[in-house]
Amino acid sequence: MAAVSDPMDLGAPWGPARPEPSPTRFHPVHGANIRVDPSGTRATRVESFAHGVCFSREPLAPGQIFLVEIEEKELGWCGHLRLGLTALDPASLAPVPEFSLPDLVSLGHTWVFAITRHHNRVPREGRPAAEAAVPCRPPALLVEPYLCIEQFRIPRDRLVGRSRPGLYSHLLDQLYELNVLPPTARRSRLGVLFCPRPDGTADMHIVINGEDMGPSARGLPAAQPLYAVVDVFASTKSVRLVQLEYGLPSLQTLCRLVIQRSVVHRLAIDGLHLPKGLKDFCKYE
């Protein structure tokens, strides 16, 4: 996949002139303690707290989010997931460094952001740092359907973590939507993308449960292929990739949204006269 598009088309909608990116997968090259499932969409650290560095299989397209959901946590370790981008070809890394920070970054052409429980927002240029600590998410009913990051518009629906189906899942889901839960919590969704700038560089952005944390790194080489970096570090044990729809939502997605908005909580979906496959899609996606 090409890492850079014509700058004239970067803000254009995904469509015939700008095809949607391919589904994301993990690269076969990864840390020694990582096991990737046969589908290439789930990465699990099987021992220790280190050697958990993973990469995207292909370079990202501008505006494409490499989005993961935290599936498993492991008690007893200090530290959390790390996300970033690298201009290094993962196939050239033998062996893969033990840590993304500082080992991989010290090789150069790599930018990694360590996710913490609370302070992940980056102050905008010309604004006081205190603003970065204040959540800017509006109430759930007022949330726009698209997340706008610089010149890109990304459907917000799949960006937000969702609780396991249960009697109180509708309440827990609102906590994810409002970004009240720590981003390091199980089922949180975190992603990384880059946005090219007119001067030929790019900004790296981290997205947590549908909210842009701001440009966490600037001056990336937009003309070079940029691979996503996911360090399944310490208390984060397993992550899975979440696929996004960048153009118009599919009929399946539209049906799911209508059904979910018509029930009190997701357990009520079991009582609807619908095919089992559609019920499962509405409950778990």
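What you are looking at is a predicted structure, and each value in this text was computed from that prediction instead of being measured.

Draft legend 1. Spatial organisation of the sheet that holds strand β6 (residues 110-114). Judged by pairing direction, the sheet is antiparallel, and its four strands sit side by side in the order β3-β12-β5-β6 without closing on themselves. Each end of this open sheet is capped by a strand with a single partner; those strands are β3 (53-55) and β6. Within the sheet, the average angular offset between the axes of one strand and its neighbour, ignoring direction, is 20°. As judged from the five bridges shared by strand β5 (residues 82-86) and strand β12 (residues 227-231), these two strands associate in the antiparallel manner. Bridge pairing in β12 links Leu-83 to Val-230.

Draft legend 2. Structural context of the environment of Asn-179. With respect to the helices and strands, Asn-179 occurs in the loop between α2 (169-177) and β9 (189-196). Spatially, the C-alpha atom of Asn-179 lies 7.8 Å from that of Glu-211, the residues being 32 residues apart in sequence.

Draft legend 3. Representation of the sheet that holds strand β10 (residues 201-208) within the structure. Pairing is antiparallel across the open sheet formed by seven strands, whose spatial order is β1-β2-β13-β4-β9-β10-β11. Lying at the two open borders of the sheet, with one neighbouring strand each, are β1 (34-36) and β11 (211-221). The average undirected angle you get between the axes of adjacent strands in this sheet is 25°. Note: strand β4 (residues 66-73) against strand β13 (residues 236-241), five bridges, orientation antiparallel. Looking at the pairing, Ile-70 lines up with Val-239 of β13.

Draft legend 4. Up close: unusual backbone geometry. Ala-94 connects to Pro-95 through a cis peptide bond whose omega is -5°. Inspection of the secondary structure puts Pro-95 in the loop between β5 and α1 (100-106). Each neighbour pair has its own omega, and for Leu-101 with Pro-102 the value is 5°, a cis peptide bond. Tracing the sequence through the fold places Pro-102 in helix α1. Backbone geometry at His-51 places phi at a positive 55°, although glycine is not the residue there. Structurally, the position occupied by His-51 is in the loop between β2 (42-45) and β3. Even without glycine at this site, Glu-150 takes up a positive phi of about 50°.

Draft legend 5. Seen up close, the nonpolar core. In this structure, Phe-26, Phe-66 and Val-230 are the most contacted members of the largest nonpolar core, which totals 33 residues. For this core, the secondary-structure elements that each account for two or more residues are β4, β5, β6, β9, β10, β11, β12 and β13. In terms of residues, this core owes the most to one element, β10, which gives four residues. Residue contacts for Phe-66: discarding those within four places in its chain leaves Thr-24, Arg-25, Phe-26, Ser-56, Leu-60, Leu-190, Gly-191, Val-192, Ala-228, Val-230 and Leu-241. Core analysis: the second largest hydrophobic core is formed by 13 residues, Leu-193, Val-207, Leu-244 and Tyr-246 among them.

Parameters at a glance
- Within any chain, residue numbers begin from 1 and follow the written order of that chain's sequence.
- Note on the predicted model: pLDDT of at least 70 is required for a residue's local features to be given, and 80 or more for side-chain atom pairs to be given and counted; whole-chain, interface and lining totals, by contrast, use all residues.
- Each side-chain value is worked out from all heavy atoms of the structure, with water and hydrogens disregarded.
- A pair of strands is considered paired only if DSSP assigns at least 2 bridges between the two.
- Helical segments are the DSSP runs of H or I of at least four residues, strand segments are the runs of E of at least two, and each set is numbered from the N terminus.
- Orientation is described by axes fitted as lines to C-alpha atoms, over the contacting stretch for helices, and by angles from 0 to 180 degrees between their N-to-C directions.
- Note on terminology: a nonpolar core comprises buried Ala, Val, Leu, Ile, Met, Phe, Trp, Tyr and Cys residues joined through side-chain atoms within 4.5 Å.
- To sort residues, take the accessible area from a 1.4 Å probe on protein chains only and compare it with the maximum for the residue type: under 20% means buried, over 50% means exposed, and anything in between is partly exposed.
- Two residues form a contact once any of their heavy atoms are found within 4.5 Å.

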